[in-house]
Amino acid sequence: MNVTVILLFILAIAGVVSRSMSSMKKLLDEVPDVLDSATEARDAWRRFRRPELPPQAEDQEPPAAA
C-alpha cells in the first residue's frame, strides 16, 4: 500500500510538471507576437499624436517679388 501511494504521488508530480512546462512553452511562443503588436501600436500612437507634414516640393519657385 505504501509503495502504491508513493508511485501515485510521483506520477501526479510528473503530470503537473509536464502540464506546467507545456503551458510555459505556449506562453513563451506568444511573446514575439505580443512584442510586435506592441511596437506597431506604439508607432501608430506616435503617428496619431504627431502627424507628419507633407514634404514640400523642391521644383516650386519662390514667389516673384513685385
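Residues numbered from 1 in each chain as written. Predicted model: local features only at pLDDT ≥ 70, side-chain atom pairs only at ≥ 80, totals over all residues. Heavy atoms only, no water.

(A) Just the overall build of the chain, in detail. For the chain, the helix and strand inventory stands at 1 helix and 0 strands. The proportion of buried residues among the 66 residues of the chain is 0%. Summed over its atoms, the accessible surface of the chain is roughly 6900 Å², and 64% of this surface lies on carbon and sulfur atoms. (Helix = DSSP H or I, 4+ residues; strand = E, 2+ residues; numbered from the N terminus. Buried < 20%, exposed > 50% of the residue type's maximum accessible area, 1.4 Å probe, protein only. Areas by Shrake-Rupley, 256 points an atom, 1.4 Å probe, with all protein chains shown as cover.)

(B) Looking closely at a negative patch on the surface. A cluster of like negative charges, contributed by Glu 30, Asp 33, Asp 36 and Glu 40, occupies part of the molecular surface. Of note, Asp 36 is situated in helix α1 (residues 2-49). Residue classification places Asp 36 among the partly exposed residues on the basis of a relative accessible area of 47%. (Patch = residues over 30% accessible without salt bridge, like charges linked within 9 Å, V, L, I, M, F, W, Y side chains within 5 Å. Salt bridge = Lys/Arg side-chain N within 4 Å of Asp/Glu carboxyl O. Lys, Arg positive; Asp, Glu negative; His and termini not counted. Charge placed at Lys NZ, Arg CZ, Asp CG, Glu CD.)

(C) Spatial organisation of the pattern of salt bridges. Scanning the model with the defined rule gives 2 salt bridges in all. Measuring nitrogen to oxygen at the nearest pair gives 2.9 Å for the salt bridge that ties Lys 25 to Asp 29. Of this pair, Lys 25 and Asp 29 both sit in helix α1, 4 residues apart, which is roughly one turn of the helix. Since its relative accessible area comes to 44%, Asp 29 is described here as partly exposed. In this structure, Arg 42 and Asp 43 form a salt bridge, with 3.6 Å as the shortest nitrogen-oxygen distance.

(D) Layout of the packing of aromatic side chains. Taken as a whole and assessed by the stated rule, the structure comprises 1 aromatic pair. Between Trp 45 and Phe 48, the ring centres sit 5.6 Å apart and the planes meet at 35°, which makes this aromatic pair tilted. With Trp 45 and Phe 48 both in helix α1, this residue pair falls 3 residues apart, about one helical turn. Comparing Trp 45 with Phe 48 shows no difference in burial state: the two are exposed. (Phe/Tyr/Trp six-rings, centres within 6.5 Å; stacked < 30°, edge-to-face > 60°.)

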